[in-house]
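Next come the chains, spelled out residue by residue.
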Amino acid sequence: MNLVPAGACDCHIHVYDSRYPAAPEATLRPPDASVADYRVLQARLGTSRVVVVTPSTYGTDNRPTLDALGAFGGSARGVAVIGETVTDEQLQALHAAGMRGIRLNLAARGGDRGLVSMENLCARVAPLAWHLQLFGAPGLWPALEQRLRKLPVQLVFDHFGNVPGAAGVKHPAFATVSGLVRDGRAWVKLSAPMNVSAAGPPYADVAAIARGYLAVDASRMLWGTDWPHPSLAEKPDDAAAPGLLAHWCDDDAALLQEVLVRNPARVYGFETGN
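Treat the numbers as computed from the prediction; the structure is a model and nothing was measured.

Engineer: Honestly, the sheet that holds strand β7 (residues 186-191) in this entry has me stumped. Any pointers?
Structural biologist: Through backbone hydrogen bonds, the strands of a sheet pair up, either in parallel or in antiparallel fashion. Taken in spatial order, the eight strands of this open sheet run β1-β2-β3-β4-β5-β6-β7-β8, and their pairing is parallel. With partners counted over all chains shown, the strands left at the sheet margins are β1 (9-13) and β8 (221-224), one partner each. Between one strand and the next, the sheet's axes are offset by a mean angle of 25°, whatever the strand orientation. Across four bridges, strand β2 (residues 49-53) lies against strand β3 (residues 76-80) in parallel orientation. Considered in β3, the bridge of valine 52 is made with glycine 78. Its contacts with the sheet place helix α5 (residues 118-125) against β4 (99-105) and β5 (131-135), and it is angled at close to 175° to β4. Seen against the sheet, helix α7 (residues 172-182) touches β6 (155-157), β7 and β8 and runs at an angle of roughly 125° to β7.

Engineer: I keep staring at the packing of aromatic side chains and nothing clicks. Help me out?
Structural biologist: Two aromatic rings are characterised by how far apart their centres lie and by the angle between their planes. As enumerated under the stated definition, the model contains seven aromatic pairs in all. Between tryptophan 141 and phenylalanine 157, the aromatic rings sit 5.1 Å apart at their centres with planes inclined by 75°, giving edge-to-face as the arrangement. Taken together, the positions of tryptophan 141 in helix α6 (residues 140-150) and phenylalanine 157 in strand β6 put the pair 16 residues apart, joining distant regions of the chain. Summarising the burial analysis for this pair, tryptophan 141 and phenylalanine 157 share the class buried. An angle of 55° between the planes, with centres 6.4 Å apart, marks the rings of tyrosine 268 and phenylalanine 270 as tilted. The two residues tyrosine 268 and phenylalanine 270 agree in class, both being buried.

The rules behind each value
Residues numbered from 1 in each chain as written. Predicted model: local features only at pLDDT ≥ 70, side-chain atom pairs only at ≥ 80, totals over all residues. Heavy atoms only, no water. Pairing = 2+ DSSP bridges. Helix = DSSP H or I, 4+ residues; strand = E, 2+ residues; numbered from the N terminus. Axes fitted to C-alpha atoms, helices over the stretch in contact; angles between N-to-C directions. Contact = heavy atoms within 4.5 Å. Phe/Tyr/Trp six-rings, centres within 6.5 Å; stacked < 30°, edge-to-face > 60°. Buried < 20%, exposed > 50% of the residue type's maximum accessible area, 1.4 Å probe, protein only.

The structure is reproduced here in structure tokens:
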């Protein structure tokens, strides 16, 4: 069985480029990780599309991500980090370059500033049909649920919504995120199981969370590697990641097609090029 269908997308990677300065508040300052480096992994994965996410290292400087989008060409989309001073002209330029969402990293130093301005930022990007990508402690989601439901954009939760493997589907965050998915308000990235697992490879505790989300609405699930894992001293074998997804999907080829191809095309506009 071919695990990775044509047009499959890795919906979460970062690039790092020392030509650009780290933000003063950045805690992660990893070595360079380039498009050429990722291409090596991409050949092993068998994917052809990719979503590049601006990491917390650069604050609101999206230039490394924009460079990566230029290098990847039409097979890539991006998720930007913006501040309230961004102009409409700058947003239009980001859109033309391939950006399709903004990210709030509420776990990063200074992430609370983004939370304060969340509604304003979403109002700015709503006319572009962008989404809000969220990363943060799982306890935030129940507390923020009513605010999230009122936002004028779709939501994308990073890395299983950070639901911890030890608690699994019984964690309150799973219920909150699942409710948002069920109501057509959110998407979930089945990505970086090593970040939430208490068991280690093959992350058996995360399998129940993945299957739980898939059972809620598989048409709102995405997948990604989180390459190059800047916060991990011991890097996982990302080439094995599609096998994990196939296991969670019970080797269902139609389900893999949905998660790897159809869903990211809807979220990031690969089908129409818009």
